[in-house]
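Residue-level structure breakdown
The primary structure of each chain is shown beneath.
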Amino acid sequence: MSGTPRGVSGGSDEPRTDADLLAAHVAGDREAFGELFTRHRDRLWAVALRTMGNPEDAADGLQDGMVAAYRRAASFRGEAQVTTWLHRVVVNACLDRLRALKVRRAEPLPDDLEEYGGRGSLASAAGTVDPAEESLAAERSRQVARALATLPPEQRAALVLVDMEGYPVAEAAAMLGCAAGTVKSRCSRGRRRLAVLLADLIDDPGTERDPATARGNQEPPRSVPSPNPPRGPPEA
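Residues numbered from 1 in each chain as written. Predicted model: local features only at pLDDT ≥ 70, side-chain atom pairs only at ≥ 80, totals over all residues. Heavy atoms only, no water.

1. Some words on the overall build of the protein chain
- A tally of regular secondary structure across the protein chain gives ten helices and zero strands.
- Its helices and strands taken in sequence order, the protein chain reads α-α-α-α-α-α-α-α-α-α from the N to the C terminus.
- Here the protein chain holds 236 residues, and the buried ones make up 39% of them.
- On the protein chain, roughly 13200 Å² of surface is accessible, and the fraction owed to carbon and sulfur atoms is 49%. (Helix = DSSP H or I, 4+ residues; strand = E, 2+ residues; numbered from the N terminus. Buried < 20%, exposed > 50% of the residue type's maximum accessible area, 1.4 Å probe, protein only. Areas by Shrake-Rupley, 256 points an atom, 1.4 Å probe, with all protein chains shown as cover.)

2. Here's the deal with the packing of aromatic side chains
- With the rule as written, the count across this model stands at two aromatic pairs.
- Centre to centre, the rings of F33 and Y70 are 5.3 Å apart; their planes meet at 85°, and the pair counts as edge-to-face. Within this pair, whereas F33 is found in helix 2 (residues 32-52), its partner Y70 is found in helix 3 (residues 55-72), the two being separated by 37 residues in sequence.
- F33 sits in the buried class, given a relative accessible area of 9%.
- Residues F76 and W85 carry aromatic rings whose centres are separated by 5.5 Å and whose planes lie at 55° to one another, so their mutual orientation is tilted. (Phe/Tyr/Trp six-rings, centres within 6.5 Å; stacked < 30°, edge-to-face > 60°.)

3. Digging into the packing of helix 6 (residues 153-164) against helix 7 (residues 169-176)
- In the contact formed by helix 6 and helix 7, the axes pass within 9 Å of each other and the chain directions differ by 140°. Accordingly, the angle class assigned to the pair helix 6 and helix 7 is oblique. Like other packed secondary-structure pairs, helix 6 and helix 7 cross with a definite hand, here right-handed. In contact with A157, A158, L161 and V162 of helix 6, helix 7 contributes V169, A172, M175 and L176.
- Residue classes in the contact of helix 6 with helix 7 are distributed as eight nonpolar, no polar and no charged. (Axes fitted to C-alpha atoms, helices over the stretch in contact; angles between N-to-C directions. Parallel < 35°, antiparallel > 145°, perpendicular 65-115°, else oblique. Left-handed = near helix turned anticlockwise from the far one by under 90°. Contact = heavy atoms within 4.5 Å. Nonpolar A, V, L, I, M, F, W, Y, C, P; charged D, E, K, R; others polar.)

4. Considerations on the nonpolar core
- Judged by nonpolar contacts, the single largest core of 47 residues is most densely connected at M66, L86, L148, L161 and V183.
- Contacts of V183, omitting those with residues within four sequence positions, involve A158, V162, V169, A172, A173, L176 and C178. (Core = buried A, V, L, I, M, F, W, Y, C linked by side-chain atoms within 4.5 Å.)

5. Describing the pattern of salt bridges
- Under the criterion given, the structure shown has eleven salt bridges.
- Here R16 and D29 are joined by a salt bridge, their closest N and O atoms 3.0 Å apart. Of this pair, R16 sits in the segment before helix 1 (18-27) while D29 sits in the loop between helix 1 and helix 2, and the two are 13 residues apart along the sequence.
- Overall, the relative accessible area of 15% leaves R16 in the buried class.
- Judged by its relative accessible area of 16%, D29 falls in the buried class.
- Look at the salt bridges and you will find they share partners, linking R16, D18, D29, E35 and R39 into a network. (Salt bridge = Lys/Arg side-chain N within 4 Å of Asp/Glu carboxyl O.)

6. Some points on the confidence of the model for the protein chain
- Per-residue confidence for the protein chain gives a mean pLDDT of 77, with 67% of residues at or over 70.
- Residue range residues 1-10 is modelled with pLDDT below 50. Its contacts to residues more than four positions away, or to other chains, number 13 contacts.
- pLDDT under 50 marks residues 204-220. Its contacts with residues more than four places away, or in other chains, come to six contacts. (pLDDT = per-residue confidence, 0-100.)

7. A word on helix 1
- Every buried residue of helix 1 is listed here: D18, L21, L22, A24 and H25. One side of helix 1 carries all its buried residues, which in axial view fall inside an arc of 160°.
- On its buried face, helix 1 is in contact with helix 2, helix 3 and helix 4 (82-101).
- One or two positions beyond helix 1, positive phi appears at G28, with a value near 115°. (Arc of directions from axis to C-beta.)

Put into structure tokens, the structure is as follows:
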């Protein structure tokens, strides 16, 4: 008697949830994991790219993470959302690669970032982009990438998730496998280290600082700016 593997929805037109797809993969569905990855590939790629600093290492980090997730799917216990778990695996893979390679040099994002993916939020809804604004955004991206590359991997990952990808601290903590307070601390230290390097981006040139904060009482570090989110990963 043949039947649908456990975790696989049969005869339904409704799309399977992330948990359904992961369970189906564990049960032997050969298409399920690919569908799950396709669903979340853009955000996973964005995190890998900003954490690693260049497309080549990001592709390797993302691949390492997906291989690990594919093999460890049976260990998922549903204590967090599947997407949170996937991000955690990918971030850990990227951090492992950074530590192994001892990457501490600045490697700016390439000017032709669009070559590495055709989807994502860089696409203009109107289909037109002001060349001057595009050039300015590219330079800002290079500045942010150079500055991020000077940070320890753990601080870099925390800033990427919280400031650049916009995840809540609690969710970023789940992805990084640490306490929320640790994420806040890493972000705070990272922001302070980037404050000088990114002063032109962080400070509003049209706003005068309160003289009371000019000396002694410093303003709290601001979030790292995210000029233009990177697009999706290169097609296989």
